[in-house]
Amino acid sequence: MINLSVCKTEVLTFLGTNKKQFVYYRLAHENSDEQRNILHVKREIQKNIEANNFIPVYQAIVNPEGEVIKYESLLRMRQDDKLVSPFYFLDIAAKTHQYETISHKTLLRAVEEFKERTELLSLNFAQADINNKELLREIEALLQKYDMAKRTIFEIVESDAIDDYNMTRAFVERFRAIGVRIAIDDFGSGYANFSHIMELEPEYLKIDGSLIKDIQEDKKSLIMVKAIIQFAHDLGIKTIAEYVANEEIFEILLALNVDEYQGFYFGKPEPLYL
């Protein structure tokens, strides 16, 4: 397992290459020898790559009746009987150019694992994935081989959707042509160029979890969520609320007419196979 005991840690917020906003530990050696620690963690990550310990886990997304209609694939590192969150390794993997290998393997494995299932599968694509020509070639071939494109959704984080807009648009057009649907993830988290996002014509907007988790107490979050829902529905786009942690939040979102729901209230991310 990656040994964090040799390191002191600084907690930071990081918009990771797998399109999710994480709080993570930035590692720093007790003697301020950061490079030594990066090399240490890089070796540990490489060992886990070679052991196929980076796996997809799946979190349910439900309709207003609470019925599971799709699963989102998320990344975890398997260590003995534990599943380690990207919280612990994502930053170093990105810095050491190991993220691309980890993501590549995990995305393809998720498609393989879902080839016999009937639910929709939602996959996360970071800008690094969109730039990975070999990954795109392989995943397109798998989706066509298993006739899965029409039950697959690609999630692109809001900031990545406009980071390299022309490349993102080409990516969206390529996969929409074979039936893949598009979701904009973490919508409302930043200051996106709405005109560019809307030109992508996403089928779904996933409302940023930071707005959902505070919706019971924070009037501004409630107002923002209402506005996003109205905005999306006026354009014929479905909304998905993440971070639905309890019944109270679920009831508020039901009243606001959210289309789909995801969070610990409905289930934690779990692997199909260990």
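An account of the accompanying structure is given in this report. (Residues numbered from 1 in each chain as written. Predicted model: local features only at pLDDT ≥ 70, side-chain atom pairs only at ≥ 80, totals over all residues. Heavy atoms only, no water.)

Some words on the pairing of strand β3 (residues 54–62)
So, step 1. The buried fraction of β3 is high, at 9 of 9 residues.
So, step 2. Here β3 shows a buried face lined by Phe54, Pro56, Tyr58, Ala60 and Val62 and a second buried face lined by Ile55, Val57, Gln59 and Ile61.
So, step 3. The pairing of β3 with strand β4 (residues 68–79) spans 9 bridges and is classified as antiparallel. Its bridge partner lying in β4, Gln59 is registered against Glu72.
So, step 4. Connecting β3 to the next strand, β4, in antiparallel fashion are 5 residues, including Gly66 with a positive phi near 85°.
So, step 5. Inspection of the sheet shows β3 paired to strand β11 (residues 260–262) by 2 bridges, in the antiparallel sense. (Buried < 20%, exposed > 50% of the residue type's maximum accessible area, 1.4 Å probe, protein only. Helix = DSSP H or I, 4+ residues; strand = E, 2+ residues; numbered from the N terminus. Pairing = 2+ DSSP bridges.)

What to know about the side chain of Arg76
So, step 1. Along the chain, Arg76 falls in strand β4.
So, step 2. Here Arg76 occupies a buried position and makes no salt bridge, while the nearest side chain of opposite charge, Glu72, is found at 8.9 Å.
So, step 3. Setting aside its immediate chain neighbours within four residues, Arg76 contacts Asn53, Phe54, Ile55, Val57, Leu83, Val84, Ser85, Pro86 and Pro269. (Lys, Arg positive; Asp, Glu negative; His and termini not counted. Salt bridge = Lys/Arg side-chain N within 4 Å of Asp/Glu carboxyl O. Contact = heavy atoms within 4.5 Å.)

Let's talk about the packing of helix α5 (residues 133–145) against helix α7 (residues 165–176)
So, step 1. One way to put it is that α5 packs onto α7 with a least axis distance of 11 Å and a crossing angle of 20°. On the basis of their axis angle, the class for α5 and α7 is roughly parallel. As for the relative orientation of α5 and α7, their crossing is right-handed in sense. Mapping the contact onto sequence places Leu136, Arg137, Ile139, Glu140 and Leu143 in α5 and Phe171, Arg174 and Phe175 in α7. (Axes fitted to C-alpha atoms, helices over the stretch in contact; angles between N-to-C directions. Parallel < 35°, antiparallel > 145°, perpendicular 65-115°, else oblique. Left-handed = near helix turned anticlockwise from the far one by under 90°.)

Let's talk about the side chain of Gln59
So, step 1. Tracing the sequence through the fold places Gln59 in strand β3.
So, step 2. Relative accessible area serves as the criterion here: at 8%, Gln59 is assigned to the buried category.
So, step 3. In this structure the side chain of Gln59 is engaged in a polar contact, spanning 3.2 Å, whose partner is the side chain of Gln262.
So, step 4. In terms of polar contacts, Gln59 uses its side chain to reach the backbone carbonyl oxygen of Gly267, at 3.0 Å. (Polar contact = N/O pair within 3.5 Å; in protein donor to acceptor, adjacent residues only side chain to side chain.)

Things to note about the packing of aromatic side chains
So, step 1. Counting across every chain of the model gives 15 aromatic pairs.
So, step 2. Geometrically, the ring pair formed by Phe171 and Phe175 is tilted, given 5.3 Å between the ring centres and 55° between the ring planes. Taken together, the residues span about one helical turn, with Phe171 and Phe175 both in helix α7 at a distance of 4 residues.
So, step 3. Stacked on the ring of Tyr204, the Lys or Arg Lys70 has its end atom at 3.7 Å from the ring centre.
So, step 4. The side chain of Lys268 reaches across the aromatic face of Phe264, ending 5.5 Å from its centre. (Phe/Tyr/Trp six-rings, centres within 6.5 Å; stacked < 30°, edge-to-face > 60°. Lys NZ or Arg CZ within 6 Å of the ring centre and 35° of its normal.)

A word on unusual backbone geometry
So, step 1. Positive phi, normally seen in glycine, also occurs at Asp147, with a value near 50°.
So, step 2. Within the fold, Asp147 resides in the loop between α5 and β7 (152–157).
So, step 3. Positive phi, close to 60°, is recorded for Tyr243, a residue that is not glycine.
So, step 4. Following the sequence through the fold, Tyr243 ends up in the loop between β10 (238–241) and α11 (247–255).
So, step 5. For Tyr243, a relative accessible area of 46% corresponds to the partly exposed category.

Considering the packing of helix α3 (residues 99–113) against α5
So, step 1. Taken N-terminus to C-terminus, the directions of α3 and α5 make an angle of 5°; their axes are 10 Å apart at the nearest point. With respect to their mutual orientation, α3 and α5 come out roughly parallel. Contacts between α3 and α5 involve His104, Leu107, Leu108, Val111 and Glu112 from the first element and Glu134, Leu135, Glu138, Ile139, Leu142 and Leu143 from the second.
So, step 2. Its residues placed into classes, the contact of α3 with α5 shows 7 nonpolar, 1 polar and 3 charged. (Nonpolar A, V, L, I, M, F, W, Y, C, P; charged D, E, K, R; others polar.)

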